[in-house]
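The primary structure of each chain is shown beneath.
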Amino acid sequence: METLAAPRFSLQSTLESGQYFRWTRRGDGFEIHLRQGVLFARQNGDVLEFEGVDGATVGRFFALDHDLPAIHAELERDPHLRGALRRYRGLRILRQDPWECMAAFITSAVSNIPRITRNVVDMAARFGTPPAFPRPEQMGSERELRDLKLGFRARYLSQAALLARGGALDRLDGPLESVRQALMEYPGIGMKVAECIALFAYGRLDAFPIDTWVRKAMRRLYFRNRRVSDGKIREFAARRFGRYAGYAQQVLFTAERTGRDYSPDGRPASLSLTLASAPSRR
DNA sequence: CGCCAGGTGGCCC
DNA sequence: GGGCCACATGGC
């Protein structure tokens, strides 16, 4: 087993935050299927023990180069974020393969994490070269994807694969807006999915994907539960959270989806919900 | 049975 | 810009 210094990292929080789907618990660690191989990883304090792929791949995938202290220092100025940041300390935004990330989040539309996981694992098993997810050139036809129960997403996936042939996604670069605009040319990719891919695959940490959970959290925490358009939320998030908005999004998503406990000291979810929704504290 | 789920695309005003 | 609908499938 090899090791890597991994301070300010939580393997579990990172994997369980719903960014990546092809992993499973294995004994005291996790088995993670990547393009480069099957990675087994477990955490021992600040040390990440791993085998299966090389250390550079591990460090890159888990984004161990992200400056977590700086990110937290900046975001913790917002009192609404402190509880979630503390609770999910060490959660990192991954650096995923763009095509797999694109396929996974096209699949995510009107779905849920268990089902997305099933769909993505199915696609890998059916069309990929294990453990690698299928390249765009290997993806199935719309019909074959419908057979895997992808539903209306099957057409999007097969057509997106055609557009992504020849390494088109490897050539995407530039600021968030241009990456997002290029991604939205693909069928099945609107603003939300484009921001997910920009964040989870292209390291655009200022991306702020707004899904049903984040929308609910943002409305409650910053808009007095009023009805607000996603455009307004995005604008607000950009101003409020700045260059690390993506990290704010991911802890808000995770907190809202699991437990909904924003309090820094871990009160019962029902109570903290009440506290968080109240305009004033106490 | 009916409703809703990590949304998007098409069409309306 | 915003509102409404269909889109497959699965879980409750």
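Residues numbered from 1 in each chain as written. Chains lettered and ligands numbered in written order. Predicted model: local features only at pLDDT ≥ 70, side-chain atom pairs only at ≥ 80, totals over all residues. Heavy atoms only, no water.

Peer 1: How would you explain the protein's contact with DNA strand B if you had to name every residue and give the values?
Peer 2: Surveying the vicinity of DNA strand B reveals 26 residues, the closest of which are Gly18, Ser111, Gly188, Gly190 and Phe253. Counting only atoms of DNA strand B within 4 Å of the protein, the fraction found in sugar and phosphate groups is 54%. Backbone polar atom of Gly188 to a phosphate oxygen of DNA strand B: 2.9 Å apart, as the coordinates give it. Here a phosphate oxygen of DNA strand B sits 3.5 Å away from a polar atom, N or O, in the main chain of Ile189. (Near = heavy atom within 4 Å. Polar contact = N/O pair within 3.5 Å; in protein donor to acceptor, adjacent residues only side chain to side chain.)

Peer 1: Quick one: what's the story with the protein's contact with DNA strand C, residue by residue and with numbers?
Peer 2: Around DNA strand C, the neighbouring residues are Arg115, Arg118, Arg146, Lys149, Gly151, Phe152, Arg153, Arg227 and Ser229. The share of sugar and phosphate among atoms of DNA strand C within 4 Å of the protein is 71%. Residues belonging to the surface near DNA strand C are distributed by class as follows: one nonpolar, two polar and six charged. (Nonpolar A, V, L, I, M, F, W, Y, C, P; charged D, E, K, R; others polar.)

Peer 1: For the domain arrangement of chain A, give the residues involved together with the corresponding values.
Peer 2: Each assigned domain of chain A is listed with its residue range as follows: domain 1 (2-65), domain 2 (98-200) and domain 3 (212-270). Placing a centre on the C-alpha atoms of domain 1 and another on those of domain 2 gives a separation of 23 Å. With ten residues of domain 1 in contact, the opposing surface of domain 2 contributes 14 residues. For domain 1, the biggest contributors to the area lost against domain 2 are Phe21, Arg22 and Arg35; these three give 67% of the whole. (Domains from an automatic or database assignment. Contact = heavy atoms within 4.5 Å. Buried area = accessible area lost by both parts, 1.4 Å probe.)

Peer 1: Which residues make up the packing of helix H5 (residues 98-107) against helix H10 (residues 191-200), and what are the values?
Peer 2: Running from N to C, H5 and H10 point in directions that differ by 150 degrees, and their axes come no closer than 9 Å. Between H5 and H10, the angle falls in the class roughly antiparallel. The element H5 and its partner H10 pack so that their crossing is right-handed. Across the interface between the two elements, Pro98, Cys101, Met102, Phe105 and Ile106 of H5 pack against Lys192, Val193, Cys196, Ile197 and Phe200 of H10. Each residue belonging to the contact of H5 with H10 can be placed in one class, and the counts come to nine nonpolar, no polar and one charged. (Axes fitted to C-alpha atoms, helices over the stretch in contact; angles between N-to-C directions. Helix = DSSP H or I, 4+ residues; strand = E, 2+ residues; numbered from the N terminus. Parallel < 35°, antiparallel > 145°, perpendicular 65-115°, else oblique. Left-handed = near helix turned anticlockwise from the far one by under 90°.)

Peer 1: I'd like a description of the nonpolar core, backed by residues and values.
Peer 2: The biggest cluster of nonpolar side chains holds 71 residues, and the ones touching the most others in it are Trp99, Met102, Leu183, Met218 and Phe241. Shared between two domains, this core holds at least three residues of each, these being domain 2 (98-200) and domain 3 (212-270). Those residues in contact with Trp99 that lie beyond four places of it in its chain are Phe133, Pro134, Arg135, Pro136, Met139, Leu157, Ala160, Ala161, Ala164 and Leu169. By size, the runner-up hydrophobic cluster in this structure holds 17 residues, among which are Ile32, Ala41, Phe50 and Phe62. (Core = buried A, V, L, I, M, F, W, Y, C linked by side-chain atoms within 4.5 Å. Buried < 20%, exposed > 50% of the residue type's maximum accessible area, 1.4 Å probe, protein only.)

Peer 1: Describe the side chain of Arg22, naming the residues involved and giving the relevant values.
Peer 2: Looking at the element boundaries, Arg22 is found in the loop between helix H1 (11-16) and strand E2 (23-26). Classification of Arg22 as buried rests on a relative accessible area of 5%. Among the polar contacts listed, one links the side chain of Arg22 to the side chain of Glu100, at a separation of 2.7 Å. Non-local contacts of Arg22, meaning those with residues more than four positions away in its chain, are made with Glu31, Ile32, His33, Leu34, Glu100, Val120, Val121, Ala124, Pro131, Ala132 and Phe133.

Peer 1: Report on the sheet that holds strand E3 (residues 29-34), specifying residues and quantitative values.
Peer 2: With antiparallel pairing, the five strands of this open sheet are ordered in space as E1-E5-E4-E3-E2. Lying at the two open borders of the sheet, with one neighbouring strand each, are strand E1 (2-5) and E2. On average, each strand axis in the sheet is tilted by 30 degrees relative to the strand beside it, whichever way the strands run. Direction of pairing for E2 relative to E3: antiparallel, over a ladder of four bridges. (Pairing = 2+ DSSP bridges.)

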